[in-house]
Amino acid sequence: MATIYIDNVAYNVESGQSLLHVGLSLGLNIPYFCWHPALGSVGACRLCAVKQFRGETDSKGRLVMSCMTPTTEGARFSLTDPEAAAFRQEVIAWLMVNHPHDCPVCDEGGECHLQDMTVMTGHDYRQYRFQKRTYRNQYLGPFVNHEMNRCIQCYRCVRFYRDYAGGDDLQEFAAHDHVYFGRAADGVLQNEFSGNLVEVCPTGVFTDKTFKHHYTRKWDLQMAPSICIHCSLGCNTIPGERYAGLRRIRNRYNSDVNGYFLCDRGRYGYEFVNAPQRIRQPMLRSDNGTAEPAPKETVMQRVASILADSNGVIGIGSPRATLEANFALHTLVGPEHFFTGVGANEHAIVAQMLEILQQGPARSPSLHDIAQADAVLVLGEDVTNSAPLVALALRQAVRQQPMQLAQDLKIPLWQDASVREALQGQSGPLFIATPAHTKLDEVATHTYRADPAAIARLGFAVAHALDDNAPAVADLPAEVGELATEIVRALRAAKHSLVVAGASLGSSAIVQAAANVAWALGDADNKALLCFTVPECNSLGLGLMGEGDLSAAVQAVHKGEADTVIVLENDLYRQADGATVDALLEGARHVIVLDHLPNATTAKAEIVLPAATFAEGDGTLVNNEGRAQRFYQVFVPAGEVQESWRWLGDILAATHSDTANSAATWHSLDDVTGALAQALPRFREITTIAPPAGFRVAGQKIPRQPHRYSGRTAMHANITLHEPKPPDDPDSALAFSMEGFMGEPPPALIHEFWAPGWNSVQAVNKFQSEVGGPLHGGDPGRRLLEPAQEGKTSYFGDVPAAYKPQDGQYLVVPLYHLFGSEPLSLYTPGIAELAPQPYVALHPEEAKRLGVGDGATVELKLNDMVFPLPVKLDGSLPRAVVGVPAGLAGSPAGALLGKQVAIVLASDSHGHKVS
């Protein structure tokens, strides 16, 4: 710590940190452009100038840039010195010389950091009256809009895109006084995190193109704290609504989870909420087989009569539904009749992960922890596509070990340009073992391309090399043994080692191997971290609640234990093969489905109830780390849409059963979470992750709407001039209004980052205990999983045999795509545009042997099933392995996962072979 003086006021601050970082952490208003808390300092814009004095007697001082000046004991600074203030004003003046001053029509207007800094420095009027420099804007794809004339050359965009996120198709191009930030040619930005340019850019150069399609003023958006539902990481988001439609998603800072950034699927995959296909009324299938909207009362009477006449009811839960919804179904049907709604293999793998994380010594890391790791082994996961923010964190992790060089040279780590110059692109140890290439290969120390069994065997070999008590691997190829030795050497030398694995390949052996490696690394002082990625946003939460998988549900129906099936927010045809799901749904007399979009499962339902999306309801999700987090309703939906737990509570009340007596008290979300915590003690912490619905500050709720909100009269002026009453919200301490407590709410209830003078997202620094640190009061969420305190558990010993391909047979592995593998985001036109069509990936040598070329159509044959697919050549695949994209409509990945198939040329309608 050091004592410094700012305008003659003493402050105790972190020694050696930059003055800008320290000043913002103290709540002082220091203007800046090029600096960003996640990117560090480069001193490019000169806006953060302050006066530094040599001592108390120095009255002249000198101008320094606060982003490049370290804090030292006794240092004296002035922010208000007239010379410093005049310098900052001149900096703004020259930065604005070529700016178009188009605030009234700029998409960034109203939350623009440039506007804030211009006002803060006192530059109120422009004096430049000559022709301005102009540029041609580029097409950058469906997500990001480009308006280069607004650029002030802060370099934030390329520093994030190229240095932080690893993109290589956005650059700066300069010639004398012309500096251009864009691509060498028009085209779609290729980086998975390109949407962050919208928030990183302090002006309106990069703006949200999806928001532009249904633009409204920023201060007219109604917002609430939320959680991304497009993968298992639980990134914190801020959705914005106007006129009962979701308009955009922005990042909500959480230092332990996503920090300052989101992936493009999480930022832009929200359009399914607005989809015209949405189910907004209860649907009842008539005798002629057509499903028609019906009044809620009629449908509920029909549900009650079905349940009263039923010979048994089973409930199929969902890994994308909330804890509360799954618990309501669990309560309705009883624990013995509740099933998780996932296939047997996925169910077993998730259950095994939970056992490992709860009974083993290795801790599951947050994304912040992952970024701090200095040696990483990835087994089987293409995290760029299955868990994107893990990939972004790993890009920061590979810098950790080389950072020691900068420290040895006495370079502060926040001096980003100097650190990168010293490191010269060096990377720390990152070993990736996957069936096909990944985007992270470019920063990997070593990559290993193999089938799932070989990947697991590598993991087991590493664990054995770390600890002789771990099982040995027989018949290990010499080159794999050498790789295992190299991995062991790197992991042992690390201070914070990390193992990453997941369920993507459907291999429990890979999960066991990852656990063995983490356990073999662990000791009393330095236990390795173990990161598991899981398929969906609440896979771990569902795994903590349910016991049976889909095959067990099929057996229950087949044995006559139940003739009625209730399916919760789950397209079962994506979870298991069609024959299994048909046996379940066609074997039941009655099928009731709760969901928000039509799918293959709703098409088989007798009754469909319209379920709320994440933007239309409240609930709790458990991410891959085991962190329970709450999201809140952004707006009241149209029609009869309501949360699934409310529908199930209504059904419970209609049954007049013993359990209905307790469900009759479920008047709010707090009632359900309280009942869940009482019934299943493993969830007891969820009642503490957010303030209850009765929470008030000075007797007031927290408004969802900004204080500049235009108001309900303006919204409904085409209908009536009378002010309609805001909807009531019994589930949270948030109000559907602009009236309420205007100060800083508890972290779990922060729905926007705004402070006086800070209208842009940069206002987040006013909410942090320290810039880049936790929010005041701690970050939202609470971990439900902690490792065992006792010593190491027994190693897994079931080492898989090496895969031996049969003549003419190929092992099918799933290939994941950021755009396409997750179904809800495909309702966003831009994501649908970028999603690939189904294909089969084949090694070029195998394609040559088969006599097919890139784009030729072949047939994958498994028993009596035939799947025609175009060929896509991929030289990274092992020759005995073919890849099929997971999750795409028309892709057979689910039916073929882990199977061996034959490949033949496809035939046309006349029986002729086609290529």
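Above this text you will find the structure in question.
What you are looking at is a predicted structure, and each value in this text was computed from that prediction instead of being measured.

This part is about the sheet that holds strand S19 (residues 430–434). Ordered in space as S20-S19-S18-S21-S22, the 5 strands form an open sheet in which the pairing is parallel. This sheet does not close on itself; its edge strands, each paired only once, are strand S20 (446–449) and strand S22 (529–533). On average, each strand axis in the sheet is tilted by 10 degrees relative to the strand beside it, whichever way the strands run. Pairing geometry for strand S18 (residues 375–379) and S19, over 4 bridges, is parallel. Residue pairing in the sheet places Leu379 in a bridge with Ala433 of S19.

Relative to the assigned elements, His113 resides in helix H3 (residues 113–121). A polar contact of 2.7 Å, which involves the side chain of His113, links it to the backbone oxygen of Tyr32. Not counting the four nearest positions on each side in its chain, His113 is found in contact with Tyr32, Phe33, Arg156, Pro202, Trp758, Ser760 and Gln762.

Look at helix H9 (residues 323–333) against helix H24 (residues 669–679): their axes get within 10 Å of each other, and the N-to-C directions meet at 65 degrees. For the crossing formed where H9 meets H24, the hand is left-handed. Taking contact as the criterion, the partners of Leu323, Glu324 and Phe327 in H9 are, on H24, Leu669, Val672, Thr673, Ala675, Leu676 and Ala679. Looking at the contact of H9 with H24, its residues break down into 7 nonpolar, 1 polar and 1 charged.

Another aspect to go through is the environment of Gly122. With respect to the helices and strands, the residue Gly122 is situated in the loop between H3 and strand S6 (144–146). Judged by its relative accessible area of 29%, Gly122 is partly exposed. Counting along the chain gives 32 residues from Gly122 to Glu90, while the straight-line C-alpha distance between them is 9.8 Å.

Rules used throughout
- Residues numbered from 1 in each chain as written.
- Predicted model: local features only at pLDDT ≥ 70, side-chain atom pairs only at ≥ 80, totals over all residues.
- Heavy atoms only, no water.
- Pairing = 2+ DSSP bridges.
- Helix = DSSP H or I, 4+ residues; strand = E, 2+ residues; numbered from the N terminus.
- Axes fitted to C-alpha atoms, helices over the stretch in contact; angles between N-to-C directions.
- Polar contact = N/O pair within 3.5 Å; in protein donor to acceptor, adjacent residues only side chain to side chain.
- Contact = heavy atoms within 4.5 Å.
- Left-handed = near helix turned anticlockwise from the far one by under 90°.
- Nonpolar A, V, L, I, M, F, W, Y, C, P; charged D, E, K, R; others polar.
- Buried < 20%, exposed > 50% of the residue type's maximum accessible area, 1.4 Å probe, protein only.

Structural measurements only, silent on function.
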